[in-house]
4 protein chains.
Amino acid sequence: MGRVRFHVAGESHSSGLMAVAYGLPAGIPIDRSEIARWMAARRSAAGRGVRQELEADHFEFLSGVRDNVTNGGPLAIFLPNKDRSGGSVTSNGKPVSLEFPRPGHADYSGSIKWGVTDATVVAEQASARITAAYVAMGAVFARFLRELGVDSFAHVSRLGPVRPRRRRWMGQPRMKQWRLLSEASRFASLRPADEEAMARAIGEAKEIGDTLGGEVEVVFSPVPVGLGSIQPMDERLDARFAGALMGIPGVRAVVLGDGLDGAFLPGSSFHDQFVGDGTSARRSNHAGGLEGGLTNGQPVVIRTVVKPIPTLGAPLSSQSLKDGRPGKAERVRADVTAVPALAWIVRSLAAWVMTDAIMQRYGGDRLEEIESRLR
Amino acid sequence: MGRVRFHVAGESHSSGLMAVAYGLPAGIPIDRSEIARWMAARRSAAGRGVRQELEADHFEFLSGVRDNVTNGGPLAIFLPNKDRSGGSVTSNGKPVSLEFPRPGHADYSGSIKWGVTDATVVAEQASARITAAYVAMGAVFARFLRELGVDSFAHVSRLGPVRPRRRRWMGQPRMKQWRLLSEASRFASLRPADEEAMARAIGEAKEIGDTLGGEVEVVFSPVPVGLGSIQPMDERLDARFAGALMGIPGVRAVVLGDGLDGAFLPGSSFHDQFVGDGTSARRSNHAGGLEGGLTNGQPVVIRTVVKPIPTLGAPLSSQSLKDGRPGKAERVRADVTAVPALAWIVRSLAAWVMTDAIMQRYGGDRLEEIESRLR
Amino acid sequence: MGRVRFHVAGESHSSGLMAVAYGLPAGIPIDRSEIARWMAARRSAAGRGVRQELEADHFEFLSGVRDNVTNGGPLAIFLPNKDRSGGSVTSNGKPVSLEFPRPGHADYSGSIKWGVTDATVVAEQASARITAAYVAMGAVFARFLRELGVDSFAHVSRLGPVRPRRRRWMGQPRMKQWRLLSEASRFASLRPADEEAMARAIGEAKEIGDTLGGEVEVVFSPVPVGLGSIQPMDERLDARFAGALMGIPGVRAVVLGDGLDGAFLPGSSFHDQFVGDGTSARRSNHAGGLEGGLTNGQPVVIRTVVKPIPTLGAPLSSQSLKDGRPGKAERVRADVTAVPALAWIVRSLAAWVMTDAIMQRYGGDRLEEIESRLR
Amino acid sequence: MGRVRFHVAGESHSSGLMAVAYGLPAGIPIDRSEIARWMAARRSAAGRGVRQELEADHFEFLSGVRDNVTNGGPLAIFLPNKDRSGGSVTSNGKPVSLEFPRPGHADYSGSIKWGVTDATVVAEQASARITAAYVAMGAVFARFLRELGVDSFAHVSRLGPVRPRRRRWMGQPRMKQWRLLSEASRFASLRPADEEAMARAIGEAKEIGDTLGGEVEVVFSPVPVGLGSIQPMDERLDARFAGALMGIPGVRAVVLGDGLDGAFLPGSSFHDQFVGDGTSARRSNHAGGLEGGLTNGQPVVIRTVVKPIPTLGAPLSSQSLKDGRPGKAERVRADVTAVPALAWIVRSLAAWVMTDAIMQRYGGDRLEEIESRLR
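As the structure is a computational prediction, the values presented were derived from the model and not from experiment. Within every chain, residues take consecutive numbers counted from 1 along the sequence as written. Chain letters start at A and ligand numbers start at 1, both assigned in the order the entries are written. Reporting of local features is limited, given that this is a predicted model, to residues whose pLDDT is at least 70; pairs of side-chain atoms are given and counted only at 80 or more, and all residues count toward the totals for whole chains, interfaces and linings. Processing note: side-chain calculations cover all non-hydrogen atoms of the structure and skip hydrogens and water entirely.

**Q** Just to check I follow, could you spell out helix H9 (residues 339-362) of chain C for this structure?
**A** Helical periodicity: at 3.6 residues per turn, an α-helix aligns residues three or four positions apart in one direction. All names here are of chain C. Going along the chain from the N terminus, every DSSP run of H or I of four or more residues is numbered as a helix, and every run of E of two or more is numbered as a strand. A helix is expected to reach a length of 1.5 Å times the quantity of its residues less one. The end-to-end C-alpha distance of H9, which contains 24 residues, comes to 34 Å, matching closely the 34 Å that a straight helix rising 1.5 Å per residue would cover. Using a 1.4 Å probe on the protein chains alone, a residue whose accessible area is under 20% of its type maximum counts as buried, one over 50% counts as exposed, and one in between counts as partly exposed. By the criterion of burial, H9 is predominantly enclosed, with 24 of the 24 residues buried. Directly after H9, the chain includes Gly363, whose backbone phi takes a positive value near 55°.

**Q** Looking at this structure, I do not really get the relation of the copies chain B and chain A. What am I missing?
**A** The operation relating the pair of chain copies consists of a rotation about an axis and a translation along that axis. For the match of chain B to chain A, the screw axis carries a shift of 0.0 Å, the RMSD comes to 0.0 Å, and the turn is 180°. Put plainly, the chains are arranged around a two-fold axis. Relative to the rotation axis, the C-alpha of Gly243(B) is the closest in chain B, positioned 2.0 Å from it. Mapped onto chain A, 100% of the interface residues of chain B again fall at the interface, so both copies present the same surface. Each copy is superposed on the other by least squares, with the fit set by C-alpha atoms of residues at a pLDDT of at least 70 in both. Working rule for contacts: check all heavy atoms of both residues, and any pair within 4.5 Å makes them a contact.

**Q** Explanation requested: helix H7 (residues 237-246) of chain B in the structure shown.
**A** The element H7(B) is largely enclosed, with a buried count of nine among its ten residues. Residues of H7(B) that are buried: Leu237(B), Asp238(B), Ala239(B), Phe241(B), Ala242(B), Gly243(B), Ala244(B), Leu245(B) and Met246(B).

**Q** Is there a simple way to think about the relation of the copies chain D and chain C in this case?
**A** Mapping chain D onto chain C calls for a rotation angle of 180° and an axial translation of 0.0 Å; the resulting RMSD is 0.0 Å. Both copies contact each other with a shared surface, as 100% of the interface residues of chain D are interface residues in chain C too.

**Q** What am I meant to see in the interface of chain B and chain A here?
**A** When the parts of a complex come together, some accessible area is lost, and that lost area is often used as the size of the interface. The interface is formed by 93 residues belonging to chain B together with 93 residues belonging to chain A. Carbon and sulfur atoms supply 60% of the area that chain B and chain A bury against each other, a total of about 7,100 Å² over both sides. Counting the surface chain B buries against chain A, the share from its top three residues, Met233(B), Arg252(B) and Phe274(B), is 11%. The salt bridge criterion pairs a side-chain nitrogen of Lys or Arg with a carboxyl oxygen of Asp or Glu, the two atoms within 4 Å. Our enumeration of links across chain B and chain A arrives at zero salt bridges. Across the side of chain B that touches chain A, the residue classes tally to 47 nonpolar, 32 polar and 14 charged. Bridge count for strand E9 (residues 251-256) of chain A against strand E9 (residues 251-256) of chain B is three bridges, and the pairing is antiparallel. Paired with Val255(A) across the strands is Ala253(B), a residue of E9(B). Defined here as a combined quantity, buried area equals the accessible surface (1.4 Å probe) lost by two parts on assembly, summed across both. Here the term charged refers only to Asp, Glu, Lys and Arg, the term nonpolar to Ala, Val, Leu, Ile, Met, Phe, Trp, Tyr, Cys and Pro, and the term polar to all other amino acids, Gly among them. By definition, two strands form a pair when at least two bridges between them are found by DSSP.

**Q** How do you make sense of the sheet that holds strand E6 (residues 75-80) of chain C when you look at a structure like this?
**A** Note: strands within a sheet are paired through backbone hydrogen bonds, in either parallel or antiparallel orientation. Residues and elements named next belong to chain C. Ordered by their spatial adjacency, four strands build an open sheet running E1-E2-E6-E3, and the pairing between neighbours is antiparallel. A strand with exactly one partner marks an edge of an open sheet, and here the two such strands are strand E1 (5-10) and strand E3 (60-63). This sheet shows a mean twist of 20° between the axes of neighbouring strands, independent of strand direction. Note on geometry: axes are C-alpha line fits, over the in-contact stretch for helices, and angles between N-to-C directions span 0 to 180 degrees.

**Q** Just to check I follow, could you spell out unusual backbone geometry for this structure?
**A** A negative phi holds for most residues other than glycine; trans holds for most peptide bonds. With omega at -5°, the peptide bond leading from Gln231(A) into Pro232(A) counts as cis. Relative to the helices and strands, Pro232(A) is located in the loop between strand E8 (214-221) and helix H7 (237-246). Unusually for a residue other than glycine, Asp67(D) sits at a positive phi of about 55°. Of note, Asp67(D) is situated in the loop between strand E4 (65-66) and strand E5 (69-70). Note on Asp67(D): relative accessible area 70%, which makes it exposed.

**Q** Explain the environment of Ile309(A) here, please?
**A** Residues and elements named next belong to chain A. Mapping Ile309 onto the fold places it in the loop between strand E12 (300-306) and strand E13 (317-319). Among the residues examined, Ile309 registers a relative accessible area of 5% and is labelled buried. Expressed as a C-alpha distance, the spacing of Ile309 and Leu17, which sit 292 residues apart in the sequence, is 22 Å.

**Q** I'm lost on the interface of chain D and chain C in this one. Help?
**A** Between chain D and chain C, the contact holds 92 residues from the first and 94 residues from the second. Summed over both sides, the interface of chain D with chain C buries roughly 7,100 Å², with 60% coming from carbon and sulfur. Broken down residue by residue, the surface that chain D buries against chain C is led by Met233(D), Arg252(D) and Phe274(D), which jointly contribute 11%. Linking chain D with chain C are zero salt bridges. Polar contact is the term for a pair of N or O atoms within 3.5 Å; when the atoms are in protein, one must be able to donate a hydrogen and the other to accept it, and sequence-neighboring residues count only if both atoms are side-chain atoms. Applying the counting criterion to the chain D and chain C interface returns 41 residue pairs in polar contact (both at pLDDT 80 or more). Considered class by class, the residues forming the side of chain D that touches chain C number 46 nonpolar, 32 polar and 14 charged.

**Q** Can you walk me through the side chain of Arg102(D) in this structure?
**A** By secondary structure assignment, the location of Arg102(D) is in the loop between strand E6 (75-80) and helix H2 (107-114). What makes Arg102(D) buried here is its relative accessible area of 5%.

**Q** How should the sheet that holds strand E3 (residues 60-63) of chain B be read in this particular structure?
**A** All names here are of chain B. With antiparallel pairing, four strands are arranged side by side in an open sheet as E1-E2-E6-E3. The outermost strands of the open sheet, each flanked by one partner alone, are strand E1 (5-10) and E3. In this sheet, adjacent strand axes meet at a mean angle of 20° when their direction is disregarded.

**Q** Please explain the environment of Val339(D) as it appears in this structure.
**A** All names here are of chain D. Tracing the chain through its elements places Val339 in helix H9 (residues 339-362). Classification of Val339 by relative accessible area gives buried; the value is 0%. Along the primary structure Val339 and Thr70 are separated by 269 residues, whereas in three dimensions their C-alpha atoms are 31 Å apart. Those residues in contact with Val339 that sit more than four places away from it in its chain are Val156, Arg158, Leu159, Leu212, Gly213, Gly214, Glu215, Val216 and Val306.

In structure tokens form, the structure reads like this:
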């Protein structure tokens, strides 16, 4: 089918969310428990507060599935909300209003844009709840890839002050091991010692009403050589990843592999020299598997830097949307960090881009066709 | 007209390049000398070698211009090449061949993709020459924005070991001053002392046959509040910038404002608190003017990290595309760094995204209509 | 916001359908009873059989509405299905199977494409039920246009053997009158005498187990001059209308105004000469208000020719998807004609294209902004 | 590569035109004489006047070709204009002005849109000259398809009063024969007797300063079953054809197969019953090979109705763009009909859509890959 398109919509206090993917082949296994597991993992990831309790994990397919495999039509998922109050009342029954926009949030810009003096309507749109729809579909994309032999995982590679040891993903990482480790951790962490440090950092931040940012690293391997395009610019795989991942709320930077080091290191140290054995093997993977807009056969490694949550227990300086008078920003939610949850979201969106790249290159209406073309 | 689309094509040794923009309004001044100046600046930016001599600055409009203003139709530019050899011979007449792909370049992946054992054809496609077409149109986008009061500049904020002092772009920077400074410098530098350090770094790298990466920072100001979109994800302005800038050859990371710091700083230090005077003024601009996918009225600040050029004077380890035997990568070009040239390219693409955002929000078939809507 | 995107998904026997529109401004009145009226009109249009009973009219907004106006975010509608059997059983409990594809339907091609020998899964995808989602959103698009002064209606301009007198839509048709007439008729007819003839034709076809095609004409007026684009080809308004309307299941031809006559008439008779009073007035409207990809100020008039329903009471010759042996096609549904229902669907899609054209030209985040720009 | 995108730009009196196609595989033969033959056929098609003399047939590839095959990069063609006057003077040296817009042309709407009182600038944009770029690329698309075994031709199926006998394209038409016949005729006619009648009709129209419309029919065969999509609506193959063909200047209706008959015939007569031999064979091909948005294995047959040229020798009533006073429209060109030339243009655009459908379904970076997947 070529191109795979992916759309979501919904608000956090409406009757639900929806996600739809156009262009998936027939025959992808739809494992409801796997999807539920992804959704639960996002929902109960470390750093999130009481809010998670309000979310349901229920979902239904509106189209695209028959006998537990995709049928080739649009794959549409509906995720009913538990709280359908319309966001108009708080949990204790008071009418919600957001007169004082939260710095770091869309509150202010959205209110000016749509001409409102209560940012609630903006907050509904910008709610992190929408990312549940990303993850529900992300589980399907990741499964599609795994059926084709392309495994993936995402982990928290930094959380506020905690910096796990940097690992090098090159050659043939034991993907299954890392996938299981990262998926089993509420911190999306690869190492118990890091988990402890992260738990401490979250506890400390929570105590002072503060929030934490961090970094998520997503890895795909093995990856066929030559996915993507050199030109046109908007079909380069690096551009596609950057566009998709920067579109996730809270993401402030997208880095390919060790891309930041490229600013410092001379070319002789940065570029990944060939082992010279006639395969795609390299001596390093600073490029994160992407050169010239194309995959080069090394693991695809992408880092996304995530900002701290803008809603603080100890609120920041703001001003009224009504009359401009100074005041403290609203305090809506008690999460300390979204970073562990973002591991699931980043992986979902990255899996979409990879799915699209494979479908663009291999076409095919049925999974088995694509498998045979990939071989 | 809404959406502004932008396409380029061409190779470095064909009869020329083309660039076309669909959706620009009528009435934008087309100042040929301004466009020529942008093209010359890119071509003769510091760090580039003899190659620049081979490029011409000539260009012609195929459509879209009448009496030195745009006419509302597709704006198409043709840039004839000086060297039209087809890339099949070197400057001294030898037939070019690229049997040993350059690490960091599309050579290897492209050769596998298209089934060739001589990467010349890949190199033609991936040539930096194409960026001349970006810059020719970029001058028009930047001019369009300036006509609407939105000024811009780009500068080299890092070059290998040289780290110019970080500046804070907030409030109302004196844009014209910074624009003139950056445009006047072959290093796209804002400070003579930095230029000297950069020149030294380039000289040292050249001596040992090495190359340098760095970072380009682009700034727009003043910017209306509310450009972009919270949803859908692919119309968020942050996602649009990331997609466009990561699509530039050599770019490895895109960072919004001080986005990298967000991974370390707690929310209380990272988010840009309101001054509280009823305007969009903030006490800091870590967000780089972008919150929730929308502009927030602060200067838009985006950094792109650029890798060192993959073609080294002292070539890297590679292997034959024909038989896989180890060998040294080809040595095609003598540039030390593309970073100063990239300042122009990054600004061009960023100006395109900003132009599109303004046209999406304000519509209009004539510049004067848009001006009146912006006011 | 510029571009307005519109997507639907769902199947006829799943838990429901969804429709989402991205890019609508804030402030469009959302009148639930108006939307329900459109949906009911489509559902109970003349020519449809028992099936209509199985459809529900219920719908919920998943996002985009606050206090009965759009809020500027994605407008998402969820339409639960009444029959959620998954299509796996017939109304009398027998398992459904479609071994013998219906000529005229996607059954055969879809089964080959997705490698199935039971076309049920294809039929679910290609079900006319999906058009309920078009109409739910179509009511919103039409309302948006009417708020801006652009009225619309659609009527059945032919139904099998019945050919209502051709009317000329030019100058300033009394749109409200025609709108109310067409909306009040189960045949989407403008004249009681035609309704009677249509009812007779439907009755006769039903008796012999046959089906009927026809033609729907949609009209917009008044329309601003200059919507659309001459180039690029895919932004011409004529191309946009054709693409959108031909994408409706059952549509086999799209004709602008009296476009078919253009093949016969000499230019001197076909082209719409100016009255010459300095306004956009013409002496005829053969062009259907569209010249050179742009609106010309005359009513926009588009005709879509609709084929007879492929599921006949007296089934057609087919062959088994399993072993190729000849046999009669399946008989799934008892509708005689979809043409009156299509009046609502055609108007919905055409209203989307017109909405997009207006948003592309006028931009704007709030209805009131757009109103002031249109004036 | 998936999706094939196609863009053109240029004006009739600038330095030239450009066409670019993104997404074509490597390995398509580029036969310059074949492309030149298509361009010459369009230029010298019957019904066109002196104007054709002013057009050149020269073209150059800016990218995408190496050793006479495509290389997988963007395929960009530059077509220099012979007359580079900018359109500012007539052939006898007088300054051109278009104060009185031609009914049927974009003159009026474009002038209002861009706020000009001289429609010359609009006419440049809307010039038929741009279609030369369509045809240059069309030759490549058609060649790509033929390499995969999908042959095509287009012929004039009506020219003003002349109605060639309707042929039925079903089963396995002898495509090569019809292709050679249609290509050899300046009238794109399949029968010498029709040619004579067409020549007479053109002569008569020319004498009285009038113009003629008509109809072009394009045929593809053999075509694989299942190209296209049922949903989403904008990826249905019927919608793609309609959008592309209606975007050609002068086209007023797009009809799939015998789609117009569908309005009259009952379903029992219209739908194409299976022969019942286990193949895709049908007893008729009213559907034109397209059912439910998908190809069904029968020849794809599409008709486009073309209006008479709006520039008449005996001009129509118009009014001044400056002061609204009545007057006769400008007389710019002496062509009688564009229909025979449109056979080439329609075939070019239809071949693009078919190319895209094949690339979406089969993917592939090299022609040989796609060939092996199609087999």
